[in-house]
Amino acid sequence: PEDYARCFNLVYQRIKEANPDAIVCPGAVDPYNSGLYLAPYNSPYGDMRRYWKTMLDNITACDGLAVHSYTHGPDPRLVEDKDQVFGNPPLETVRYHFWAFEDTLNATPERFRQLQVYLTETNHLFPVAEPHWGWSNVNNCWVGTMYQQVNAWNQRGGQQIHAAILYRYPPI
């Protein structure tokens, strides 16, 4: 994360020199990729919250935060599920479904907690044809439920989500 932050700081500076009004955000972290935790890497950065915080601690400035969030299946009730967690190290307390975005934001350093949030990838992870993941071709209100949850989050006050961008919709 430190190397990424050094690169981001240089890029941020150059973009702002070319276009001071550009909104520049660091890349989102996969909330579910704990592979670095396992052998042969044995890295503490298998916990995305630690990677996220270390990355942001080393970033000088940014204009917003890009975050990813998914459900593990097309059932719209999974979007509302704030309780189910992975349960296994290193993600034992990370939410298993959509609300993992809150776990990411909770790891954000205080100096960035007023920035706009962009959910730059959101969908229901669903096997269309292995190894391809995409959308179940059914109108079951997953999208509407997701936007209702974003609205509920924003109504609470505090850090606001300014976009929730559908990812892999429809399968191609």
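Let me sum up the structure you'll find in this document.

Conventions we followed
Residues numbered from 1 in each chain as written. Predicted model: local features only at pLDDT ≥ 70, side-chain atom pairs only at ≥ 80, totals over all residues. Heavy atoms only, no water. Phe/Tyr/Trp six-rings, centres within 6.5 Å; stacked < 30°, edge-to-face > 60°. Helix = DSSP H or I, 4+ residues; strand = E, 2+ residues; numbered from the N terminus. Buried < 20%, exposed > 50% of the residue type's maximum accessible area, 1.4 Å probe, protein only.

**Let's talk about the packing of aromatic side chains**
Inference 1: Per the counting criterion, the structure on display carries eleven aromatic pairs.
Inference 2: Ring centres 5.8 Å apart and planes at 50° place the aromatic pair tyrosine 32 and tyrosine 70 in the tilted group. You can see tyrosine 32 sitting in the loop between α1 (2–18) and α2 (48–57) and its partner tyrosine 70 sitting in strand β1 (residues 64–71), a full 38 residues away along the chain. As far as burial versus exposure is concerned, tyrosine 32 and tyrosine 70 are alike and both buried.
Inference 3: When the centroid spacing of 5.3 Å and the interplanar angle of 50° are considered together, the rings of tyrosine 32 and phenylalanine 86 count as tilted. On the criterion of sequence distance, the pair formed by tyrosine 32 in the loop between α1 and α2 and phenylalanine 86 in the loop between α3 (77–80) and α4 (100–106) is long-range, its members being 54 residues apart.
Inference 4: Judged by relative accessible area, which is 13%, tyrosine 32 ranks as buried.
Inference 5: Taking the relative accessible area as the measure of exposure, phenylalanine 86 reaches 25% and is therefore partly exposed.
Inference 6: Members of the aromatic cluster, connected to one another through ring pairs, are Tyr32, Tyr70, Phe86 and Tyr96.

Nothing here speaks to function; it is geometry throughout.
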